[in-house]
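Read off the chains here:
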Amino acid sequence: MHVLSNIKLVHLKLKNFLGVRDFEFSPEGENCSVFGDTGTGKSSLFTAFTWHLCGKDSRGRQDFEIKTLDEDNNPVHGLEHEVEAVLNVDGKALILKKSYYEKWTKKRGSAEKQFTGHTTDYYL
């Protein structure tokens, strides 16, 4: 049995995640600290990483809203929410991507599509 002994974050990319439209973070496998004022996205960055790997937010909750919200705190529909990570695992690059989006289905006889749930896709 092979045990992973060394995992490093090389790059993290967020798209429409917790209101972050597009952001890239590149620690290049080095130790780093993230600093900023309240509300600048530090927790969102960490939540993106934990959701990507574990399906939970930075507080360990599975039931949380990752969608971008409008000015009235309602989810913006039709956006694809993605987090992509490049990891260095025992000296080899591993690219993982997780995508969350709404499913809209047009039922027979209906003129408009109806929201029918969410889909999460995983890419390796």
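Nothing here was measured: the structure is a model prediction, and the numbers come from that model.

Quick notes on the rules
- Throughout this description, residue numbers start from 1 for each chain and increase along the sequence as written.
- Side-chain atom pairs in this predicted model are given and counted only at pLDDT of 80 or more, local residue features only at pLDDT of at least 70, and totals for whole chains, interfaces and linings cover all residues.
- Calculation of side-chain values draws on the structure's entire complement of heavy atoms; hydrogens and water are dropped beforehand.
- For two strands to be treated as a pair, DSSP must find at least two bridges joining them.
- Helix and strand assignments come from DSSP, with helices taken as H or I runs of at least 4 residues and strands as E runs of at least 2, each series counted from the N terminus.
- In this analysis, rings of Phe, Tyr and Trp, with Trp reduced to its six-membered ring, are considered paired at centre separations within 6.5 Å, and the interplanar angle assigns stacked below 30 degrees, edge-to-face beyond 60, and tilted for intermediate values.
- Any residue under 20% of the maximum accessible area for its type is buried, any over 50% is exposed, and the rest in between are partly exposed; the area is computed with a 1.4 Å probe on protein chains only.
- For a lysine, the NZ atom is tested; for an arginine, the CZ atom; a charge sits over a ring if that atom is within 6 Å of the ring centre and within 35 degrees of the ring normal.
- Angles here are taken between N-to-C directions and fall from 0 to 180 degrees, while the axes themselves are lines fitted to C-alpha atoms, restricted in helices to the stretch in contact.
- Residues count as neighbours in contact if any of their non-hydrogen atoms are within 4.5 Å of one another.
- The definition of a nonpolar core used throughout is a set of buried Ala, Val, Leu, Ile, Met, Phe, Trp, Tyr and Cys residues joined through side-chain atoms within 4.5 Å.
- Definition of a polar contact: a pair of N or O atoms within 3.5 Å, with one able to donate and the other able to accept a hydrogen when the atoms are protein atoms, and with sequence-neighbouring residues admitted only if both atoms are side-chain atoms.

*Asks:* Hey, could you go over the pairing of strand β2 (residues 20-25) for me, with residue numbers and the actual values?
*Replies:* Bridge count for strand β1 (residues 7-17) against β2 is five bridges, and the pairing is antiparallel. Opposite Lys13, over in β2, you have Glu24 as the bridge partner. The loop that links β1 with its antiparallel partner β2 comprises two residues; one of these, Leu18, has a positive phi angle of about 50°.

*Asks:* Quick rundown of the packing of aromatic side chains? Include the residues and the values.
*Replies:* All told, the structure shown has two aromatic pairs when counted by the stated rule. Their ring planes at 45° and their centres at 5.3 Å tell us that Phe17 and Trp51 sit as a pair that is tilted. Of this pair, Phe17 sits in strand β1 while Trp51 sits in helix α1 (residues 42-54), and the two are 34 residues apart along the sequence. We note that Phe17, like Trp51, is buried. Over the aromatic face of Tyr123 sits the side chain of Lys97, whose NZ or CZ is 5.1 Å from the ring centroid. Directly above the ring of Trp51 sits Lys98, whose terminal nitrogen or CZ lies 4.4 Å from the centroid.

*Asks:* If you had to explain unusual backbone geometry to someone new, which residues and values would you point to?
*Replies:* Trans is the common state for peptide bonds, and a negative phi is the common state for residues other than glycine. Unusually for a residue other than glycine, Asn16 sits at a positive phi of about 55°. With relative accessibility at 7%, the residue Asn16 sits in the buried group. The residue Asn73 is not glycine, and still its phi comes out positive at about 65°. By the element assignment, Asn73 lies in the loop between α1 and β3 (81-89).

*Asks:* Please set out the sheet that holds β3 residue by residue, giving values where relevant.
*Replies:* One open sheet holds the five strands; their spatial order is β2-β1-β3-β4-β5, and the pairing between them is antiparallel. One side of each edge strand has no neighbouring strand; the edge strands of this open sheet are β2 and β5 (114-123). Across the sheet, the mean angle from the axis of one strand to that of its neighbour is 10°, orientation sign disregarded. On the sheet, α1 packs against β1, β2, β3 and β4 (92-105) and is oriented at approximately 105° with respect to β1.

*Asks:* Explain the environment of Thr68 residue by residue, including any values.
*Replies:* Positionally, Thr68 belongs in the loop between α1 and β3. The class for Thr68 is buried, based on a relative accessible area of 14%. As a C-alpha pair, Thr68 and Leu18 span 50 residues in sequence and 5.1 Å in three-dimensional space. With residues near it in sequence (within four places) discarded, Thr68 still touches Asn16, Phe17, Gly19, Asn74, Pro75, Val76, Leu79 and His81.

*Asks:* Would you mind going over the nonpolar core in detail, with residue names and values included?
*Replies:* Membership of the largest hydrophobic core comes to 16 residues, with the highest contact counts inside it found for Leu12, Phe17 and Trp51. For this core, the secondary-structure elements that each account for two or more residues are β1, α1, β3 and β4. Non-local contacts of Phe17, meaning those with residues more than four positions away in its chain, are made with Ser44, Thr47, Ala48, Trp51, Ile66, Thr68, Glu82 and Val83.

*Asks:* Just give me the short version of the environment of Lys67, but keep the residues and values in it.
*Replies:* Its place among the elements puts Lys67 in the loop between α1 and β3. Looking at Lys67, the relative accessible area reads 7%, which means it is buried. Sequence separation between Lys67 and Phe35 is 32 residues; the distance between their C-alpha atoms is 24 Å. Discounting chain neighbours no more than four positions away, the residues touching Lys67 are Leu18, Gly19, Pro75, His81, Tyr100, Glu102 and His118. Within the structure, the side chain of Lys67 is placed 2.7 Å from the side chain of Glu102, a separation counted as a polar contact. A distance of 2.7 Å separates the side chain of Lys67 from the side chain of His118, its partner in a polar contact.

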